[in-house]
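These are the residues of each chain, in order.
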Amino acid sequence: MRSTAMGAPDLVAPSPAAQLYGKPGPEFGPWLEKASILIVDDEPGMRNFLVRTLGPRAKRVEEAADCEEATKLLDQHHFDVVILDNIMPGKSGVEWLTEQREIGFFSDAILMTAYADLDTAIKALRAGAVDFVLKPFRSNQILNAVARCLDRMRLRRENHVLRHELRATSDHVLLRDKLIGYSAQIQEIRETIARVAPLPTSILISGESGTGKEVTARSLHALSDRAEKPFVPINCAAIPSEMIEAELFGHLKGAFTGAQTTRDGLFMHAQGGTLFLDEVGELSLATQSKLLRAIESRRIRPVGSEREAPVDLRFIFATNADLEAEVEAGRFRADLFYRINVMHIAMPPLRERGDDVLELASLFMSKLSKQLGVPQVAMDGAVRAGLTRYDWPGNVRELRNLVERTLILGRFPAEFRDEQARMDGHTDQDETLEEMERRHIMAMVHKTGGNRNEAARRLGISRKTIDRKFADWAD
């Protein structure tokens, strides 16, 4: 058996064939040079020919002389494509492929044969072969067959991920790939992202709903060495508990009622890229246990499968819950919490980000006005004061909805338009002392650009008093 050197994705050594014959250009598509290929043939000459042809162009090429050796390799490693001879001693390629599909084999297979009869072709298709190559063939023929397999696999996974994202979100998501704002908190988060993005470390992102946890996760992926591979977001709270395992890990045909076909899970669709598990605190304890095993072993077992499949992923988790409190309450596994909480990024609520709300509002106004085909609504001093004063319990998501509603109606709500008059002292005669206190503190926090320490100093009260007041007003 001949194989390329093993190691982390950024440390994989070139295959022996690549070292011997040199690395040609990616004339058969950019995906071939990142592919892992298994060759199964009992003829040493054919295996040598295929290794010489594919080795210089692929990331990893391994070979097996029989079905038993091929099975062992499949148990140990993930292969994107398996090139399989049909006529071999003991067991035909079609028989072996059928057996492997039944116990969990998700890679594309190309069948080689010297006999181009219809019966063999039908059996090969039923066994799950995606291409058929007639011996003898030239190097370009097998290279084109592999390139077709890889392109088909890429399109299938991209389509699945896009369909999953469309099901998971009900509206157009703006600015999901970019952190907006120049507050001290956002600047610090940008610096943290720049430091940890190139590392394989698992990351836990916490924060209230709508604070931009997915935006941060996408930024981490975009700045990592996996940027060209898939980013797969999963909202754990949106998938029914009885379906979450099959969605994550995949399933075989007949594994449960309604499983009419074999299907890859989202773990496999994220192969080589980043898996973003949002609302991870919503997973059941049973699913948490399976997730912990997958993170630690980097292997998954599809529902109904007898084989574990290796995965190469970067994990990012997010939650709006207090996971430490969930651990104490027995609703979240302590070992999983400590496994995912290697690096923690806390997203600040919009009310603590000062003038970031104005920058976000302007950007939403520009983008959404083009989407809706309506003119922008001006933000005068009264509106800007109202936007910065408001608590934004729904954070950035609530701000986006407010701007869209404003564009549809052609004006901002009255509570934002009339804010300047209240701040200038033209208050309602029926205003209570508590309302006056709230307005005065909010005005000072706005005047200091969201700096609560400075606002407390100017007001002659403690920072804790301001924090307590904000907490009371949020309830």
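Residues numbered from 1 in each chain as written. Predicted model: local features only at pLDDT ≥ 70, side-chain atom pairs only at ≥ 80, totals over all residues. Heavy atoms only, no water.

### What to know about the sheet that holds strand β7 (residues 231-235)
- Pairing in this open sheet of five strands is parallel, and the strands run β7-β10-β13-β6-β14 from one edge to the other. A strand with exactly one partner marks an edge of an open sheet, and here the two such strands are β7 and β14 (343-346). Strand-to-strand twist in this sheet, taken as the mean axis angle between neighbours without regard to direction, amounts to 20 degrees.
- Of the pairings in the sheet, the one linking strand β6 (residues 203-206) to β14 comprises four bridges and is parallel in character. What sits directly across from Ser206, in β14, is Ala346.
- Helix-sheet contacts for helix α7 (residues 184-196) involve β6, β13 (314-319) and β14, and the interaxial angle to β14 is about 155 degrees. (Pairing = 2+ DSSP bridges. Helix = DSSP H or I, 4+ residues; strand = E, 2+ residues; numbered from the N terminus. Axes fitted to C-alpha atoms, helices over the stretch in contact; angles between N-to-C directions. Contact = heavy atoms within 4.5 Å.)

### Description of the sheet that holds strand β5 (residues 129-134)
- Taken in spatial order, the five strands make up an open sheet running β2-β1-β3-β4-β5, and their pairing is parallel. Edge positions in the sheet fall to β2 (60-64) and β5, since each of these pairs with one other strand and no more. Each neighbouring strand pair of the sheet contributes to a mean axis angle of 20 degrees, computed without reference to strand direction.
- As judged from the five bridges shared by strand β3 (residues 81-85) and strand β4 (residues 108-113), these two strands associate in the parallel manner.

### A closer look at the UniProt feature "modified residue: 4-aspartylphosphate" (unreviewed entry) in the protein chain
- UniProt records the feature "modified residue: 4-aspartylphosphate" (unreviewed entry) at Asp85, using the numbering of this structure.
- Within the element layout of this structure, Asp85 appears in strand β3. (UniProt positions renumbered as here; feature names shortened; annotations may be inferred.)

### Points about unusual backbone geometry
- Geometrically, the link from Lys135 to Pro136 is a cis peptide bond, its omega value of -10 degrees lying close to zero.
- Backbone geometry at Arg298 places phi at a positive 55 degrees, although glycine is not the residue there.
- In this structure, Arg298 sits in the loop between α11 (285-297) and β11 (299-300).
- Residue classification places Arg298 among the partly exposed residues on the basis of a relative accessible area of 24%. (Buried < 20%, exposed > 50% of the residue type's maximum accessible area, 1.4 Å probe, protein only.)

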